Amino acid sequence: MAWSCTGTTNAELISNLLRNRLINSDSVAAAMQAVDRANYVLDKRHAYEDSPQSIGHDATISAPHMHAHAAELLLPYLLDRPAPRVLDVGAGSGYFTSVCYHLVRSSAQQQQQQQGGSGGDSTGTVVVGIEHIPALTALAEQNIRADGLSSAIDSQAIMLITSDGRLGYTQKGPYDAIHVGAAARTIPPALVEQLASPGRMIIPVGTYSQRLMQVDKDAQGTITQRDLFGVVYVPLTDRPA
Ligand code: SAH
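None of these values were measured; they are calculated from a predicted model.

The rules behind each value
Residues numbered from 1 in each chain as written. Predicted model: local features only at pLDDT ≥ 70, side-chain atom pairs only at ≥ 80, totals over all residues. Helix = DSSP H or I, 4+ residues; strand = E, 2+ residues; numbered from the N terminus. Rg over C-alpha atoms; globule rule 2.2 N^0.38 Å. Buried ≥ 20, exposed ≤ 12 C-beta atoms within 10 Å, placed from the backbone. Contact = placed C-beta atoms within 7 Å. Pairing = 2+ DSSP bridges. Arc of directions from axis to C-beta. Axes fitted to C-alpha atoms, helices over the stretch in contact; angles between N-to-C directions. Parallel < 35°, antiparallel > 145°, perpendicular 65-115°, else oblique. Left-handed = near helix turned anticlockwise from the far one by under 90°. Nonpolar A, V, L, I, M, F, W, Y, C, P; charged D, E, K, R; others polar.

> Before we go on, may I ask you to explain the overall build of the protein in this structure?
A tally of helices and strands in the protein yields six helices and nine strands. Taken over C-alpha atoms, the radius of gyration comes to 16 Å for the protein, in line with the 18 Å a tight globule of 241 residues would show. Considered along the principal axes of its C-alpha atoms, the protein spans approximately 45 × 35 × 35 Å. Looking at the protein as a whole, 48% of its 241 residues are labelled buried. In the protein, 60% of the contacts between residues at least 6 apart in sequence involve partners at least 24 apart.

Structure, rendered in structure tokens:
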């Protein structure tokens, strides 16, 4: 499955993800089309391969099909909201932070236009990427700027924070969607707390054997968990000394 989506260009990668039904919505296709994976990998020759790749510091940029999957799962919680908020824990290369930004910006613009607003750039959407290795926070920022989103960083529509992602980032919460890009031993309670009502978190959980979990908070604040499938992610850990 994974290798069948590999393309020679970003556009071909996305069209292969669509053909194999790893992307099922126009919104996710447009967001992933807007983010050129070549700006987020170390070795550009492998930019459009559907595989995880090293970004240094024992971290990897996840495979495009995993990012597509996570974006599709979070999408229902980002639509029809005037100013959605997203938290991307373990931002690494910054790739998924950028995908989330394109997703929330376009859905917020549509929403505001429907309500008679301008739907301009100042939609009030915020995407926070948290990374605990300072060099990777810097790399994420550099990549996101190279990918054409400098103004989003300058206006703090995209925020990159160096901190322990297991604690979340209360300053900008609650979040409509939380993506965790590294495997937690157990689901961090602070992240569940910082989910909006309604809100959804996608998080790999486990050590030797990991499962991708979906944690939903409904409008009344009731939490439900769903075990989606087995995955392999780098661990969500304490910062190396
Ligand atoms: N979505 C990213 C995934 C990077 S790999 C991408 O595709 O580029 C997972 C990342 O989680 C690594 O960069 C690692 O440094 C980070 N990480 C691990 N434990 C963390 C923690 N406790 N807090 C914040 N980031 C963490």
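Let us keep going from here.
> Would you mind showing me how to read the pairing of strand β6 (residues 175–180) here?
On any regular strand, side chains alternate: one points to one face of the sheet, the next to the other face. Burial within β6 is extensive, with six of its six residues counted as buried. Pairing between β6 and strand β7 (residues 195–206): four bridges, direction parallel. Paired with His-179 across the strands is Ile-202, a residue of β7.

> Got a minute to help me understand helix α2 (residues 26–34) in this structure?
Owing to its 3.6 residues per turn, the α-helix aligns residues three or four sequence positions apart on the same side. Residues Val-28, Ala-31 and Met-32 constitute the buried set of α2. In an axial view of α2, the angular spread of the buried residues amounts to 95°, which keeps them on one side of the axis. Packing partners of the buried residues in α2 comprise α1 (10–19), α3 (64–74) and α4 (95–114).

> In this structure, what is going on with the packing of α4 against helix α5 (residues 134–154)? I would like to understand it.
Relative orientation and spacing of two packed helices are given, respectively, by the angle between their axes and the distance between those axes. Between α4 and α5, whose axes approach to 9 Å, the crossing angle comes to 20°. It follows from the interaxial angle that α4 and α5 lie roughly parallel. Pair α4 / α5 crosses with right-handed handedness. Facing α4, whose interface residues are Thr-97, Ser-98 and Tyr-101, α5 presents Ala-140, Ile-144, Asp-147, Leu-149 and Ala-152. Split into classes, the residues belonging to the contact of α4 with α5 amount to five nonpolar, two polar and one charged.

These results come straight from atomic positions and should not be treated as a statement about function.
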